[in-house]
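Each chain, written out:
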Amino acid sequence: MNPIVHRERGLFPEIFDLLEVPLAGLRPPPRIRFEDLVKDGRYVLRAELPGIDPDKDVEITLANGILTIHAERRHEEKDAHRTEFAYGAFTRSIALPTDADDKDVTATYDMGILEVSVKLAERKPASTRILVQKSERS
């Protein structure tokens, strides 16, 4: 078993971090993971956003049928000898169903999950049968 070793990194700590994880710079930027479903006449979008303050760090917009979630994460740890922080901005957009009512949208945040709910209009039949009437001349 390897003991945990705290190394003093001097003036260039990020160079050593890159050497420890050489492909870290090639990773794609973090994304907000979505899950969507239709439940009780509403379109429900759930997004994983752990470790954020929804009052300060989340912005939700809806324009032209596109729902956009923008969030920022800021985390900082301090001890007597060093400070570590992590931060990042995340944005993701999704097209809502065509029958979504943009005037009836709610959002809640609980235990790291943001849930946005949009009312769906009642679906009308795709087609209507038209009866053919006989003319009076027949």
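Before any of the text, the structure's been laid out above.
All values derive from a computational prediction rather than experimental measurement.

The rules behind the values
Residues numbered from 1 in each chain as written. Predicted model: local features only at pLDDT ≥ 70, side-chain atom pairs only at ≥ 80, totals over all residues. Heavy atoms only, no water. Helix = DSSP H or I, 4+ residues; strand = E, 2+ residues; numbered from the N terminus. Salt bridge = Lys/Arg side-chain N within 4 Å of Asp/Glu carboxyl O. Pairing = 2+ DSSP bridges. Axes fitted to C-alpha atoms, helices over the stretch in contact; angles between N-to-C directions. Buried < 20%, exposed > 50% of the residue type's maximum accessible area, 1.4 Å probe, protein only.

A. Quick peek at the environment of Thr98. With respect to the helices, strands and loops of the structure, Thr98 is situated in the loop between strand E5 (83–95) and strand E6 (100–110). Distance in space between the C-alpha atoms of Thr98 and Leu120 is 8.7 Å, their sequence separation being 22 residues.

B. Layout of the pattern of salt bridges. One pass over the full model with this rule turns up seven salt bridges. Across the pair Glu35 and Arg46 runs a salt bridge whose closest N-O atoms are separated by 2.7 Å. Of this pair, Glu35 sits in strand E1 (residues 34–39) while Arg46 sits in strand E2 (residues 42–48), placing them 11 residues apart in sequence. Each member of the salt-bridge network shares a partner with another, and the members are Glu35, Arg46 and Glu115.

C. Expanded view of the sheet that holds E6. Taken together, four strands build an open sheet; the order of strands is E1-E2-E7-E6 and the sheet is antiparallel. At either margin of the open sheet sits one strand with a lone partner, and together these are E1 and E6. Going across the sheet, the axis of each strand differs from the next one's by a mean of 20°, ignoring polarity. Bridge count between E1 and E2: six bridges; the pairing is antiparallel. Residue pairing for E2: Glu35 is matched across the bridge by Arg46.

D. The environment of Phe34, seen in detail. Among the structural elements, Phe34 can be located in strand E1. Residues Phe34 and Ser93, spaced 59 residues apart in sequence, show a C-alpha to C-alpha distance of 9.9 Å.

E. Quick look at the pairing of E6. Taken together, the seven bridges between E6 and strand E7 (residues 113–120) define a ladder with antiparallel strand orientation. By the bridge assignment, Ala100 is partnered in E7 with Leu120. Here E6 folds back onto E7, and the loop between the two strands holds two residues, one of which, Met111, carries a positive phi near 50°.

F. Inspection of unusual backbone geometry at higher detail. Residue Asn64 is not a glycine yet carries a positive backbone phi of 55°. Examined against the element boundaries, Asn64 turns out to sit in the loop between strand E3 (58–63) and strand E4 (66–78). With relative accessibility at 81%, the residue Asn64 sits in the exposed group. In the Ramachandran plot, Met111 falls in the positive-phi region, its phi being about 50° despite a non-glycine side chain. Its location among the elements puts Met111 in the loop between E6 and E7.

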